[in-house]
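Commentary on secondary and tertiary structure
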Amino acid sequence: MSVGLVPTMGALHRGHLSLVARAMGECDRVAVSIFVNPRQFAPGEDFERYPRSPESDLEALAGAGVHAVYMPAVEAMYPAGLSTAVHVTGPVGEGFEADLRPGHFHGVALVVTKLLVAARPDRAYFGQKDAQQCAVVERLARDLDTGVQIVVCPTVRDGDGLALSSRNQYLSAEDRRRALAIPAGLAAAATRFEAGERGSAALIEAVTEKLRAADATIDYVAIVDPGTFMEVETASPGCQILVAARIGTTRLIDNLRLGSDAAPSAGAFHTT
Ligand code: AMP
């Protein structure tokens, strides 16, 4: 009897449900966790106002036929006296998102470890959209000898190319239009890569040009080796181009695997 686990923070959208569908197709029993994890929000971030919709989430999960939903209270996940930390070191756990969101991956690593121990799944499902989180989780699952297979699922996008995210709810209509600079930038970089460009600087410039035109505030645009999260000067197929940018007050991340993911343009996106 194989068990699949899909960890989420709720406010479920088609991206989450694609992970659930994949797990349902591959596992005999599927558990979904819904936990807005306070420890993975950096100080001053949106923990309080993060979207929560437990009733419609439960309805969607019942519709998908999942076998168990785990919605622990914060005190159940983090009882008084809890003193154990799980830190993934090196560029995988310390660069990019970790730099900009202090403590973020410490929170992710601890909660994912606890969820893996609680559910003891054969497989756990994560979205490529959070590429660095996937790398952190793959690293800890291996390093801690969990025996859990980490399954990374493709990014689900809206029809216009914007990656689905619970935080898209924060965008005004105007900001949502500006946010399309992110998939447009990734698409431009993918096109240049397909045309033979391998210099990271030129590929990064293809993205930053679109972001600047939309007046986005760039946190980083980088090309990394997916296993180590070390930046590369010369891109090769499988390298990931990462984007983190702020549109007004909303921070969005996205990425593309060069040479393998379809460019995120309108009409070229995954649906469930
Ligand atoms: P979250 O609720 O934001 O913590 O996300 C829960 C899981 O869903 C994570 O593994 C995310 O990477 C994944 N996920 C979020 N958005 C998407 C998306 N647009 N496509 C695929 N997976 C996603």
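The structure contained in this document is the topic of the report that follows.

Procedures and definitions
Residues numbered from 1 in each chain as written. Predicted model: local features only at pLDDT ≥ 70, side-chain atom pairs only at ≥ 80, totals over all residues. Heavy atoms only, no water. Buried < 20%, exposed > 50% of the residue type's maximum accessible area, 1.4 Å probe, protein only. Helix = DSSP H or I, 4+ residues; strand = E, 2+ residues; numbered from the N terminus. Pairing = 2+ DSSP bridges. Near = heavy atom within 4 Å. Polar contact = N/O pair within 3.5 Å; in protein donor to acceptor, adjacent residues only side chain to side chain. Areas by Shrake-Rupley, 256 points an atom, 1.4 Å probe, with all protein chains shown as cover. Axes fitted to C-alpha atoms, helices over the stretch in contact; angles between N-to-C directions. Parallel < 35°, antiparallel > 145°, perpendicular 65-115°, else oblique. Left-handed = near helix turned anticlockwise from the far one by under 90°. Contact = heavy atoms within 4.5 Å. Patch = residues over 30% accessible without salt bridge, like charges linked within 9 Å, V, L, I, M, F, W, Y side chains within 5 Å. Salt bridge = Lys/Arg side-chain N within 4 Å of Asp/Glu carboxyl O.

**Some thoughts on the pairing of strand S6 (residues 217–224)**
- With six of eight residues buried, S6 is to be regarded as a mostly interior element.
- Here S6 pairs with strand S7 (residues 240–247) via seven bridges, running antiparallel. Bridge pairing links Tyr 220 to Ala 244 in S7.

**Regarding the site of the ligand**
- In the vicinity of the ligand, 16 residues are found, and the nearest of them are Met 9, His 16, Asp 130, Val 156 and Leu 164.
- The contact in question runs from an oxygen atom of the ligand to an N or O atom on the side chain of His 16, over 2.9 Å.
- At a separation of 2.6 Å, an oxygen atom of the ligand approaches a polar side-chain atom of Asp 130.
- Protein chains bury 93% of the 480 Å² of accessible surface belonging to the ligand in isolation.

**Some thoughts on the packing of helix H6 (residues 104–119) against helix H7 (residues 131–143)**
- Relative orientation of the contacting elements H6 and H7 amounts to 50°, with a least axis distance of 10 Å. Between H6 and H7, the angle falls in the class oblique. When you trace H6 past H7, the crossing you get is right-handed. Counted together, Phe 105, Val 108, Ala 109, Val 112, Thr 113 and Leu 116 of H6 and Gln 132, Gln 133, Val 136, Val 137 and Leu 140 of H7 form the full contact between these two elements.

**Some details on the sheet that holds strand S2 (residues 29–34)**
- Strand order across the open sheet formed by five strands is S3-S2-S1-S4-S5, with parallel pairing between neighbours. Across the chains shown, the open sheet's two edge strands, defined by having one partner strand only, are strand S3 (68–70) and strand S5 (149–153). Along the sheet, successive strands turn relative to each other by an average axial angle of 25°, direction set aside.
- By the bridge criterion, three bridges tie S2 to S3 in an arrangement that is parallel. Within S3, the position partnered with Ala 31 by the bridge is Ala 68.
- Packing against the sheet, helix H1 (residues 14–26) makes contact with strand S1 (3–8), S2, strand S4 (123–127) and S5, and its axis sits at approximately 155° to S4.
- Sitting on the sheet, H6 is in contact with S1, S2, S3 and S4, with an inclination near 150° to S1.

**Notes on a nonpolar patch on the surface**
- On the surface, Leu 58, Val 69 and Met 71 cluster together into a nonpolar patch covering about 220 Å² of accessible area.
- Along the chain, the position of Met 71 falls in the loop between S3 and helix H3 (74–77).

**Focus: the environment of Ser 83**
- With respect to the helices, strands and loops of the structure, Ser 83 is situated in the loop between H3 and helix H4 (90–94).
- At 2.6 Å, the side chain of Ser 83 and the backbone oxygen of Gly 81 are in polar contact.

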